[in-house]
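Structural features, examined
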Number of protein chains: 2
Amino acid sequence: MAPKSDIEIARAAQKRPIMEIGDKLGIPPEQLIPFGHDKAKVTADFIASLEGRPDGKLILVTAINPTPAGEGKTTTTVGLGDGLNRIGKRAITCIREASLGPNFGLKGGAAGGGYAQVVPMEDMNLHFTGDFHAISAAHNLLAAMVDNHVYWGNALGIDVRRIVWRRVVDMNDRALRTITAGLGGVANGYPREAGFDITVASEVMAILCLARDIEDLQKRLGDMIVAYRRDRSPITCRDLKADGAMAVLLKDAILPNLVQTLENNPAFVHGGPFANIAHGCNSVIATRAALKMADFVVTEAGFGADLGAEKFFDIKCRKAGLRPDAAVLVATVRALKMNGGVAKADLAAENVQAVLRGCANLKRHIDNVRRFNVPVVVAINHFMGDTEAEIEAVEAYVAAEGSEAIVCRHWAEGSAGIEALSHRVAELATSGTADFSPLYCDELPLWQKIETIAHRIYHAGEVTASSAVRDQLAQWEAAGYGNLPICIAKTQYSFSADPTLRGAPTGHVLPVREVRLSAGAGFVVAICGDIMTMPGLPITPAAERIRLDAKGHVEGLF
Amino acid sequence: MAPKSDIEIARAAQKRPIMEIGDKLGIPPEQLIPFGHDKAKVTADFIASLEGRPDGKLILVTAINPTPAGEGKTTTTVGLGDGLNRIGKRAITCIREASLGPNFGLKGGAAGGGYAQVVPMEDMNLHFTGDFHAISAAHNLLAAMVDNHVYWGNALGIDVRRIVWRRVVDMNDRALRTITAGLGGVANGYPREAGFDITVASEVMAILCLARDIEDLQKRLGDMIVAYRRDRSPITCRDLKADGAMAVLLKDAILPNLVQTLENNPAFVHGGPFANIAHGCNSVIATRAALKMADFVVTEAGFGADLGAEKFFDIKCRKAGLRPDAAVLVATVRALKMNGGVAKADLAAENVQAVLRGCANLKRHIDNVRRFNVPVVVAINHFMGDTEAEIEAVEAYVAAEGSEAIVCRHWAEGSAGIEALSHRVAELATSGTADFSPLYCDELPLWQKIETIAHRIYHAGEVTASSAVRDQLAQWEAAGYGNLPICIAKTQYSFSADPTLRGAPTGHVLPVREVRLSAGAGFVVAICGDIMTMPGLPITPAAERIRLDAKGHVEGLF
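Quick notes on the rules
Residues numbered from 1 in each chain as written. Chains lettered and ligands numbered in written order. Predicted model: local features only at pLDDT ≥ 70, side-chain atom pairs only at ≥ 80, totals over all residues. Heavy atoms only, no water. Helix = DSSP H or I, 4+ residues; strand = E, 2+ residues; numbered from the N terminus. Rg over C-alpha atoms; globule rule 2.2 N^0.38 Å. Buried < 20%, exposed > 50% of the residue type's maximum accessible area, 1.4 Å probe, protein only. Contact = heavy atoms within 4.5 Å. Areas by Shrake-Rupley, 256 points an atom, 1.4 Å probe, with all protein chains shown as cover. Pairing = 2+ DSSP bridges. Least-squares fit on C-alpha atoms with pLDDT ≥ 70 in both. Domains from an automatic or database assignment. Buried area = accessible area lost by both parts, 1.4 Å probe. Salt bridge = Lys/Arg side-chain N within 4 Å of Asp/Glu carboxyl O. Polar contact = N/O pair within 3.5 Å; in protein donor to acceptor, adjacent residues only side chain to side chain. Nonpolar A, V, L, I, M, F, W, Y, C, P; charged D, E, K, R; others polar. Axes fitted to C-alpha atoms, helices over the stretch in contact; angles between N-to-C directions.

What follows is about the overall build of chain A. Tallying secondary structure elements over chain A gives 18 helices and 24 strands in all. Expected size for 558 residues packed as a compact globule is a radius of gyration near 24 Å; at 23 Å, chain A falls within 12% of this value. Residues counted as buried form 64% of the 558 residues belonging to chain A. Within chain A, counting contacts between residues at least 6 apart in sequence, those at least 24 apart form 74% of the total. About 18500 Å² of surface is accessible on chain A, with carbon and sulfur atoms providing 51% of the total.

It is worth spelling out the pairing of strand E16 (residues 326–331) of chain A at this point. Strand residues, when the strand is regular, have side chains that alternate between the two faces of the sheet. All names here are of chain A. Taken across its six residues, E16 has six buried, putting it largely inside the fold. Where strand E3 (residues 57–63) and E16 come together, five bridges link them in parallel fashion. Paired with Ile-59 across the bridge in E16 is Ala-326. Bridge analysis of E16 against strand E17 (residues 376–381) gives five bridges, and the strand direction is parallel. By the bridge assignment for E17, Val-330 is matched with Ala-379.

The next point concerns the relation of the copies chain A and chain B. Placing chain A over chain B gives an RMSD of 0.0 Å and needs a rotation angle of 180°, together with 0.0 Å of translation along the axis. Such values leave the two copies arranged in the relation of a two-fold axis. When the interface residues of chain A are mapped onto chain B, 99% of them are again interface residues, pointing to one common binding face.

Let us look at the environment of A:Ala326. All names here are of chain A. Inspection of the secondary structure assignment puts Ala-326 in strand E16. With 221 residues separating them along the chain, Ala-326 and Arg-547 place their C-alpha atoms 42 Å apart. Residue contacts for Ala-326: discarding those within four places in its chain leaves Leu-58, Ile-59, Leu-60, Val-374, Pro-375, Leu-428 and Ala-429.

Before going further, it helps to spend a moment on the domain arrangement of chain A. All names here are of chain A. Split into domains, chain A comes out as domain 1 (38–129 + 253–429), domain 2 (132–247) and domain 3 (446–528). Inter-centroid distance (C-alpha atoms) of domain 1 to domain 3 is 25 Å. Every contact between the two is made by 27 residues of domain 1 and, on the other side, 24 residues of domain 3. Together, the buried faces of domain 1 and domain 3 total about 2100 Å²; carbon and sulfur atoms form 58% of this surface. Along the contact surface separating domain 1 from domain 3 lie one salt bridge. When the shortest N-O distance is used, the salt bridge between Asp-306 and Lys-490 registers 2.9 Å. The tally of links between domain 1 and domain 3 comes to twelve residue pairs in polar contact (both at pLDDT 80 or more). Residue assignment for the side of domain 1 that touches domain 3 shows that the elements contributing at least two residues are helix H11 (308–320), helix H12 (333–339) and helix H13 (352–371). Tallied by class, residues from the side of domain 1 that touches domain 3 come to eleven nonpolar, eight polar and eight charged.

Attention now goes to the sheet that holds strand E22 (residues 523–528) of chain A. All names here are of chain A. Read from one edge to the other, the open sheet built from four strands follows the order E19-E21-E22-E20, with strand pairing classed as mixed. Unpaired on one side and paired on the other, strand E19 (462–465) and strand E20 (486–489) mark the two borders of the sheet. For this sheet, the mean angle separating the axes of adjacent strands, direction not counted, is 40°. On the sheet, helix H17 (residues 446–457) packs against E19, E20, strand E21 (509–518) and E22 and is oriented at approximately 140° with respect to E19. Relative to the sheet, helix H18 (residues 467–481) contacts E19, E21 and E22, its axis offset from that of E21 by approximately 40°.

Put into structure tokens, the structure is as follows:
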């Protein structure tokens, strides 16, 4: 019999009412805002009431560079949360929400897999509790107010050539990347170049993920720069008086979403995906609330550790004052093989040498995580075709690097398959060995911060940028933004900006194409190589196969 | 002491848990999908289980042409629902959802007023249960798939000059009315003229409001025309294989939303506002479900009876096979005065002559509703400054027209203030005098349908259009769409296309500027005069005043 698909397993889940899951965490029913019977938001009042409680231990799950072979980072995050609960620890899993648009491009699914999933999976890959729609609405309200301000006389003196606030839509729509807006005559405003990003690339999304509470959210929204005057002085969201209305639109979106794993353990699903173009972490509000309610909080960072973990440490932890206690680096034998040069079609054949070559990628990620003074253990997410020799090769390699690799079978077995890792992680996280420190200090100039990430994390030989980019950074430093951290936007497939360069390349060039200031979120985005902030649909979009079956179930989304 | 504001009254509401409201209607808790503790969707299974039950009586609430003085159509709809419950009838109120974007332009509020409101008012004017966000997402997925199809080779032969599927956003954003998309080079596709409408103008919104169930919804989505080939043959949503994915995105949005009035009576809030650019009625699914669950269903149509009631009868009732039993025409003394030529600043002074002049507008609406063979009663929605002489003048005028005008004080007194109207409406609706028939038959040519509405309802002297518009109608007739009804888009302020022409103008010209075929919704839109399908923000948008107060309450939205 063929193994069950993720969606078959998810549909067979014996879900408990969400009020019961909340009760496990001590949340009274009136402090939960239900969305259906299996999802709920936690009220701001309840979260505020947690202040003063001690924090649990914070565990980051990250991974080697992703390949088409699959790594299972979210799956392992969910599995580890269940595993810790299984061995008697009070643990909460904190993962990110799925972006709607991309699910209609390629096969979706951002809720784990196999017997390590969060449910309800269908909802999580569709509108969920509406957080991203709220972000789109808030973002686009501000955009409309910018153009409306110019239309009615432009009292603030906006230079229409220097409007930097784009619009967003949660859809893969390449035709909107660059547009001319305001056409059609006097009644429609001033023609100008404009464009759309995908919603997760919005600074509003980053702010929602980094804000401590609704007041902090509104303050940060107000700080966002939307345009410049001819004299290059910035015009903010607050100048346009849009911050209050945007906060109103986001008042529910900022509340963490409580769901459950297949094993009925609590999970907070809140905040933005896409660590390639955003910082890509579960929200600070959700992570902090979870730390108050559990002894162990397992959270993920997007894509490989070069992007996801670096931003988790240098942006999220730095800014929120979080001190991670342990990290898990997820690898699969198949992905290591691909990093070792094997084509996807040849993955089925045993190939220990390729696995060992691919371990160069793994080693660099281990070294990188250690730079942040956080102890790390490797999770080998077991696939059915893995051979004993291949697994032993990884174990030996990692041991020689002074770390430990533990085989996990949570995909096939649920929490029973991840007990060993759970024990080891609990031990590491409570050992007191972690002494988190970010990669660079706040005072380092912006360009040197980019270089530091490029050299130390990516092992690039050189970082290039036009003089316009460097001048822009210098201007922001002069304007007082020099102390911000950097959020790199680049391909997730390589340490370099070239998605085909697998393994552990060195000496490559990191081309910084564009920089964007997120003054409200509190970072500078450096866009490297060909990465797009608005994806396109493939030649045969998944949408063509997505439909409701006769029972009203969603087909083709997973 | 000043009277309480709508929002103060709404916040003081003694809401019952929504499961309890459902229980009143015989809906078991597991057939309700909660959104918070005060909103819920009714499952498709429960709605399907109602088939075979007899229908209650259907009552339409419509109004004279709106003026800045306010008429209170939704307020009266809610008040009448409460009034019928008060006199011992089982009644459900069915109103429309609010559009998000316009609330940030002018003062919002679409949930009634005074002591005749539906709650939770704040949610209803913000994201509510996410229906409109789902419509935007479904609409824009199709738009992205159209451009994506062209990008990857255009196998269907789309003429990029004849793409008629625009994009939508639920925001007043005039800069997006006309854009050039696909700029920026090969990777972004083909440059072409495009544009955005506000979400409520989407054909997807109309389909959601007219579909009988999810299968019918998907079928209608598939029928939508998105573009034409060089030979003018149409390309549909089904050709692009987008209908299944769009139905998935709309599977929850199509379920009616159950909320409650201030008096804890059930209300279904579902479907699109904006009878000026859309057909503007509560969804067929909600209305039909309510008819199965109650003896009386009170529903509204948007703006004045010239737009709202005509579309309710000729589109919604015709297409859904609904047979309305009675109509209530709402008027206020103040609005009649404005229709009689009084400026807003002078409304406080008694002016019986102006009231009587304004009654010309009222009379025409009475006559128009009678054309559909539905008995009509006038509700005088009482305002504090109304004088006895003014009210008596209206009562006498209406009596002379062979109808009846009843003063209602639901705004100030709740259901106690609307007992007389409730008794009269219950009597009329059960009298069997209604014999509904639409204004024109399906077989009438499209242009003659437009002329029929213009002459008989608006009393226009002439209907004009370019030869391109007339040719287009002829082409659609040749293609088999000649049997569709017409959905007029025009200003709500006048029987004419000129918003300043109050009262009961005759002999005016109705200029048809553009026609659009909604092959899935099943009507032809005739855009008349200057009406816009994408509004703009005013010089001082309401958004500038909207914010959260210290208690987390929304300020400035109402």
